[in-house]
Amino acid sequence: MTDPFQAELVKQSVALVFTGGGKVAEYLWKKLSGRRDEKRLRSDPAALEAAVRRLTAEDPAVAGELRELVGSMLAMGHDRPRIVPRSPNLFDRVGAQAQLGGTGVVVLSGPSGVGKTTLAEHYGMRSGGAYPDGALLIDLADHRDGPGAPLRISQVREAVLQALGVEPKLITPGAGELKTQYNDILGPLRLLLVFDSVENVRDLQALVPPAPMSLVLALTEGRSDELVTQYPRHVPLSRLEEGADRMLFEAIAGTDLLAADPEGALEVLVECDRFPATVVAAAIAARQRAALAARPLKLLAKELSSGRALGPVSAAFDRVLAGLPQRERDLCRVLSGIPGPSFTHEVAAAVAGCEPFEVLDGLVHLQSVFFVTEEPGKRLRLTKQAKQALTRAGHEPDGEGFPRLVRFHRTRAVQADHWKMGDRRLRLYDRTLPPDTEPLALAPGQDAVDLLVAEIPTYRALAKPAHDAGLHRELTQLCGALEIVGLHRGHLRELAEITNWGIASAEALGDVPLQLRVIAQQARLYSLLQEFPRAEAEFGKLGELLRRLESPETETNRQLRASLWEFRGLFHRERGQYTEASACFFEALKISRTLGGLPFRGQGLHARMLANVQVLLGDLAGAFQLLEEAEAHTDPENKRDLAQVWLVRAKALSRSGTADAARRALDLVPEVWRMVAPTGSDQYDLEIAEALGDAAWSCGDFDKAREYWSGVWQRLQAVKHPRAGAVHAKIYTEAPLIE
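Criteria and thresholds
- Residues numbered from 1 in each chain as written.
- Predicted model: local features only at pLDDT ≥ 70, side-chain atom pairs only at ≥ 80, totals over all residues.
- Heavy atoms only, no water.
- Core = buried A, V, L, I, M, F, W, Y, C linked by side-chain atoms within 4.5 Å.
- Buried < 20%, exposed > 50% of the residue type's maximum accessible area, 1.4 Å probe, protein only.
- Helix = DSSP H or I, 4+ residues; strand = E, 2+ residues; numbered from the N terminus.
- Contact = heavy atoms within 4.5 Å.
- Axes fitted to C-alpha atoms, helices over the stretch in contact; angles between N-to-C directions.
- Parallel < 35°, antiparallel > 145°, perpendicular 65-115°, else oblique.
- Left-handed = near helix turned anticlockwise from the far one by under 90°.
- Salt bridge = Lys/Arg side-chain N within 4 Å of Asp/Glu carboxyl O.
- Pairing = 2+ DSSP bridges.
- Polar contact = N/O pair within 3.5 Å; in protein donor to acceptor, adjacent residues only side chain to side chain.

1. Examining the nonpolar core
Formed by 150 residues in total, the largest nonpolar core has its most connected members in Leu217, Phe249, Val268, Leu335 and Phe371. Examining the composition of this core, we find that 9 residues originate from one element, helix H27 (residues 512–528), more than from any other. Discounting chain neighbours no more than four positions away, the residues touching Leu335 are Phe343, Ala348, Leu363, Leu366, Val372 and Leu382. Val14, Tyr27, Leu140 and Val198 belong to the second largest nonpolar core, which has 48 residues in total.

2. Re the packing of helix H37 (residues 702–718) against helix H38 (residues 724–731)
Their axes nearest at 9 Å, the elements H37 and H38 cross at an angle of 155°. Classified by the interaxial angle, the pair formed by H37 and H38 is roughly antiparallel. In the packing of H37 onto H38, the handedness of the crossing is left-handed. When H37 is examined against H38, the residues Arg706, Trp709, Ser710, Val712, Trp713, Leu716 and Gln717 are found in contact with a partner set consisting of Ala724, Val727, His728, Lys730 and Ile731.

3. Points about the pattern of salt bridges
A full pass over the atoms with the stated rule returns 37 salt bridges. Linking Arg460 and Glu497 is a salt bridge whose minimum nitrogen-to-oxygen distance equals 3.1 Å. A residue pair is termed long-range when its members are at least 10 positions apart, and Arg460 in helix H24 (residues 456–468) and Glu497 in helix H26 (residues 492–509) qualify at 37 residues. Looking at Arg460, the relative accessible area reads 39%, which means it is partly exposed. A relative accessible area of 34% places Glu497 in the partly exposed class.

4. Remarks on the sheet that holds strand E4 (residues 215–220)
Strands sit in the order E2-E3-E4-E1-E5 across an open sheet of 5 strands; the sheet is parallel. For this open sheet the edge positions go to strand E2 (135–139) and strand E5 (234–236), each flanked by a neighbour on one side alone. Between one strand axis and the next, the sheet turns through 15° on average, direction left out of account. On top of the sheet, helix H8 (residues 153–163) reaches E2 and strand E3 (192–196); it is set at about 155° to E2, its chief contact.

5. What to know about the environment of Ser127
By the secondary structure assignment, Ser127 is in the loop between helix H7 (116–126) and E2. You can call Ser127 buried: its relative accessible area is 9%. A sequence separation of 27 residues divides Ser127 from Leu100, and the C-alpha atoms of the two residues are 10.0 Å apart. Looking at Ser127, its side chain comes within polar contact range of the main-chain oxygen of Tyr123, at 2.6 Å.

Written as structure tokens, this is what we have:
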């Protein structure tokens with residue numbers, strides 16, 4: 001200890017004895033008790049100062065003990081430090097705040113601009129009662145010569161002590177003694193210490209005091225593995241919750257601006273990815289433009305989508321990209337070539353040309369710097385700022401990545417089709433897969449169709465590029481397999497867009513049977529969408545192709561011709577042309593009867609479809625006869641097809657005119673529902689619910705019937721389905737008088 005420091009320490013000690021008393025006075029009177037001049041020392045500051053000076057010179061330990069007591073009393077007597085948030089805007093982060101309490105060390109991680117400092121500041125302001133000795137925030141970036149440079153630890157300790165009220169001249173100059181003083185003074189306190197810009201575990205280890213009642217928040221941008229190993233309480237911050245971004249944007253840009261152009265506001269927020277710094281920068285830009293343009297938000301959204309940089313925010317992402325390891329930079333590059341809104345980690349691996357486990361660490365790191373964000377269903381997405389940073393850096397997607405992506409989705413689709421339908425349906429697309437293909441892995445209880453449904457937006461985005469890239473075989477495989485999505489889940493509009501490119505690829509391959517099947521598939525989709533002119537146009541293409549069909553009497557080509565009649569019959573049925581539909585289904589049934597029944601499902605399928613329109617035509621006797629044939633030629637293990645046979649039987653019973661038959665129908669329909677539910681097919685829900693209403697009406701339970709029909713009407717009306725009007729009319733049909 002230097003003499004000037006010791007002299008100042010003695011003066012501070014004497015001053016505290018005569019002004020505050022406390023532990024310093026107790027300590028000195030204990031040391032000086034029994035002296036003959038004790039009475040004079042208690043009344044004469046100069047005499048006490050001389051005595052204390054001699055005491056510290058004779059016993060160096062006294063100086064150390066006085067230093068601790070004086071520092072503690074000065075800190076306790078000083079106005080408690082507090083944190084004042086620089087930004088008044090904090091939205092969301094409720095879950096993160098709930099994890100910040102208590103004592104010890106909490107690592108708060110996330111990329112620059114995600115709101116770590118704002119969250120810590122607001123937490124410090126709101127939690128004052130939990131930390132009565134104060135709260136302070138130290139930005140470690142102010143105490144190093146740039147990112148990666150060594151931290152000036154002694155300088156940080158001095159800053160903390162000064163914030164706690166220790167006068168600079170009482171802070172010991174030596175590193176070792178300063179560490180002791182730092183620990184001695186902070187040890188008994190209950191503080192909130194926030195250290196921003198923590199770069200590594202060594203920074204934190206040197207600054208965490210032995211203060212069991214204090215909380216240290218360590219704010220860090222980079223990889224937190226090393227920090228979390230040492231300090232396991234970890235709160236990662238990512239983007240804002242849905243809706244919080246709008247509140248933040250509105251707080252800065254103003255309510256009037258958003259109210260004047262809600263559509264433009266939504267477009268801007270989509271471009272901001274719910275990332276706080278981007279929302280703030282966009283809101284400031286929008287406010288600055290408000291007086292210059294009629295729809296500034298619309299213009300700003302267009303600018304952002306085309307790659308407009310947002311000053312420091314974009315610059316921060318550029319720095320992160322430049323600092324990524326080469327392997328992760330390459331991963332970013334291939335991810336930027338994935339069309340569609342999101343992807344799974346298996347897709348990322350397929351595009352990168354590696355095993356799924358090989359990309360996990362890279363994805364975790366990219367997520368921590370907000371280059372990748374998590375979407376619902378364990379899906380991921382490359383953020384817009386990441387894509388723009390890649391564009392500014394001149395990184396183009398890997399040319400081999402897209403073909404790998406298409407082949408991955410082709411393989412999964414073909415596998416899912418076979419898993420769901422086995423050999424029960426006609427397939428004319430090439431089902432050959434690479435010999436080293438791994439079996440399809442599904443979670444317990446997972447339906448393979450759900451894998452395909454989750455990727456529908458991706459399929460829509462890749463269909464045209466796949467066709468343009470000449471991946472015709474793979475695209476037709478994908479389209480052929482996706483037929484089961486329409487059979488079990490709907491998504492008809494999206495499937496029609498995809499199939500349009502599948503038709504073009506089938507034509508490029510010159511495969512006539514495949515063209516017939518895909519075009520008929522498209523016509524069926526248009527029929528279900530009630531777009532009958534478009535369906536008619538597709539059917540019109542089939543005649544010339546049928547004339548080019550070689551060996552039309554082979555077993556496969558007979559199945560194909562039967563399916564063409566089937567799809568044409570469905571077209572007429574959807575139009576309410578039941579006589580024409582009956583003729584088409586009869587032609588399909590005639591061909592299917594020549595195929596020998598099971599294992600072909602055509603005879604049972606077409607007998608049931610014909611029976612359905614015969615019910616609508618009033619030919620109940622013919623319908624019941626056809627249903628016997630249909631059930632006899634339906635695999636009893638195929639619950640979905642069997643349930644449809646029973647559903648048509650219930651319709652026929654409901655129309656038979658007898659109360660007993662109607663009651664049998666009412667009992668039968670719920671059984672149909674129980675059979676369909678485990679198959680994972682939900683496109684028959686409305687048909688079954690309407691059949692329940694019909695059966696209830698026939699039984700005289702008119703209120704129950706209207707209840708079922710109302711549910712059907714509401715769902716049809718919500719999607720503007722043409723049948724909504726007919727169901728609405730049934731609801732308001734006047735009930736017959738019952739004698």
